[in-house]
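Now for the letters of each chain:
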Amino acid sequence: MDEISWREDGRDHRVRWRSESAAPPRRVVVADDETRADDAYRLACEGTALLWRGDFQNARQLLGAMARRIDRPPRRPRRKPEPSQVQAFHLHRQARAQRARTLGMLLIPLDPGHVIPLRRAPSVQDACTEAYGPDDQPYVTSLRELLGLIGAHEWRTKGVPVPALGGDRIHPHYGVFSPVRGEYVDLVNEAPLPSTTTAFDIGTGTGVLAAVLARRGAERVVATDLDPRALACAQENVDRLEVGKQVEVVRADLFPPGRAGLIVCNPPWVPAKPSSPLEHAVYDPGGRMLRGFLTGLADHLEPGGEGWLILSDLAEHLGLRTRDELRALFGASDLEVAGRLDTRPVHPRAADPDDPLHAARAAETTSLWRLRSTSAQPSA
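Residues numbered from 1 in each chain as written. Predicted model: local features only at pLDDT ≥ 70, side-chain atom pairs only at ≥ 80, totals over all residues. Heavy atoms only, no water.

## Quick look at helix 7 (residues 208-215)
Consideration 1: Counting buried residues along helix 7, 7 of its 8 residues qualify, which places the element largely inside the surrounding structure.
Consideration 2: For helix 7, the full list of buried residues reads Val 208, Leu 209, Ala 210, Ala 211, Val 212, Leu 213 and Ala 214.
Consideration 3: After helix 7 finishes, the residue Gly 217 shows a positive phi value of roughly 115°. (Buried < 20%, exposed > 50% of the residue type's maximum accessible area, 1.4 Å probe, protein only. Helix = DSSP H or I, 4+ residues; strand = E, 2+ residues; numbered from the N terminus.)

So this is what it looks like as structure tokens:
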């Protein structure tokens, strides 16, 4: 069990550390409403965490002030050669990681039952219980992570409207990728179905694609995932959408037993190492899930069936993977392309010229690749 320790009121203190994205800080000092933003920022940059004892809303304001100091541009930027897209990507990730580490140094105490013992503190019991489960022991976490829990609880409560489901909502759980970028869901809703008997949804997450396939008439959908949070989230969503009789949610590493006439997979789009467990839906180290899906697809397709790979080409524009490498994976897996549907992203960052990755995002296309086995013959 990770712990943090500090000295306060002439005594040494020790308490449990709770975080899914950061190791416990080695140095901790006490801070309160009298702490200046410049001092807090300096200490955080030096690796010293600040355990907050003042008003909760003042802590939020201090966090915002620290963020502004991180985000402000240098006074005299040095002229440097324009980085390549892959260099820009790695520099961007380094900057984001450093920003997260610095802002994660502002800590909040919680009493048993996920209660914040600070003035003007909100009730976070529901948000913390959804993410962590019940807890009858005190602990400390970062304010930044706590605010993420609160935001996730709000998304889970109100849900995300999905046009492909007629405007019905998907309710993402904490740590499960939310379908806020609905263009990939629309592709699954528009592509011609090769079969309506059995479909697999590999890496189901919230269950949104399984629900879309069920609403389109798939008689049986097997939705797989390894993450317990995703499995619980998917089950809750398919039950809420009243497709639970068609959709079976199972724990599996990629494929369930058997074959299907349609197998759908929306793997993480960027072949890079995640910096925290919450990034596994975005970053796929070495393209593990992509390769696993492609290499196993032919063995799980029924004769005449199709595998639908939903994949952004952002990695190609960032120089992390080439189109030739992707097509080579198809060929090495005994797969051929039967067709492809493309769409362009509509998220705000694609139109933001100040985004460090703007050139890649502006050129991004999301595709649904219709893949067939080159060895299987269509059934009579």
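Picking up where we left off.
## With respect to the side chain of Asp 284
Consideration 1: Here Asp 284 lies in the loop between strand 12 (260-265) and helix 9 (288-300).
Consideration 2: Lacking a salt bridge, the buried Asp 284 has Arg 288 as its closest oppositely charged neighbour, with an N-O distance of 5.8 Å.
Consideration 3: Reaching out from Asp 284, the side chain makes a polar contact with the backbone nitrogen of Leu 290 at a distance of 3.2 Å.
Consideration 4: Excluding residues within four positions of it along the chain, Asp 284 makes contact with Pro 268, Val 270, Pro 271, Ala 272, Met 289 and Leu 290. (Lys, Arg positive; Asp, Glu negative; His and termini not counted. Salt bridge = Lys/Arg side-chain N within 4 Å of Asp/Glu carboxyl O. Polar contact = N/O pair within 3.5 Å; in protein donor to acceptor, adjacent residues only side chain to side chain. Contact = heavy atoms within 4.5 Å.)

## Description of the sheet that holds strand 14 (residues 335-343)
Consideration 1: In space, the 7 strands of this open sheet follow the order 11-10-9-12-13-15-14, with mixed pairing throughout. Across the chains shown, the open sheet's two edge strands, defined by having one partner strand only, are strand 11 (247-251) and strand 14. Taken over all neighbouring pairs, the strand axes of this sheet differ in orientation by 20° on average, direction set aside.
Consideration 2: As defined by bridge partners, strand 14 adjoins strand 15 (residues 366-373) across 8 bridges and the pair is classed as antiparallel. Along strand 15, the bridge assignment pairs Glu 336 with Arg 372.
Consideration 3: Sitting on the sheet, helix 6 (residues 183-190) is in contact with strand 12, strand 13 (301-312), strand 14 and strand 15, with an inclination near 40° to strand 15.
Consideration 4: Against the sheet, helix 11 (residues 323-332) contacts strand 13, strand 14 and strand 15, and its axis sits at roughly 140° relative to strand 14. (Pairing = 2+ DSSP bridges. Axes fitted to C-alpha atoms, helices over the stretch in contact; angles between N-to-C directions.)

## Quick word on the domain arrangement of the protein chain
Consideration 1: Annotation of the protein chain at the domain level lists domain 1 (3-154) and domain 2 (160-373).
Consideration 2: Using C-alpha coordinates to define each centre, domain 1 is positioned 33 Å away from domain 2.
Consideration 3: Across the contact, 15 residues belong to domain 1 and 22 residues belong to domain 2.
Consideration 4: Buried surface at the junction of domain 1 and domain 2, both sides included, amounts to about 1,400 Å², of which 57% is carbon and sulfur. (Domains from an automatic or database assignment. Buried area = accessible area lost by both parts, 1.4 Å probe.)

## Looking at the packing of aromatic side chains
Consideration 1: Per the counting criterion, the structure on display carries 5 aromatic pairs.
Consideration 2: Between Phe 89 and Tyr 283, the ring centres sit 6.4 Å apart and the planes meet at 50°, which makes this aromatic pair tilted. Highlighted residues: Phe 89 in helix 3 (residues 85-103) and Tyr 283 in the loop between strand 12 and helix 9, separated in sequence by 194 residues.
Consideration 3: The exposure class assigned to Phe 89 is buried, which follows from its relative accessible area of 3%. (Phe/Tyr/Trp six-rings, centres within 6.5 Å; stacked < 30°, edge-to-face > 60°.)

## Overview of helix 1 (residues 37-45)
Consideration 1: Listed as buried for helix 1 are Ala 37, Ala 40, Leu 43 and Ala 44. The arc that holds every buried residue of helix 1, seen down its axis, measures 130°, which confines them to one face.
Consideration 2: Taken together, the buried residues of helix 1 touch strand 3 (27-31), strand 4 (48-52), helix 2 (56-71) and helix 3.
Consideration 3: A positive phi of about 95° marks Gly 47, the residue just after helix 1. (Arc of directions from axis to C-beta.)

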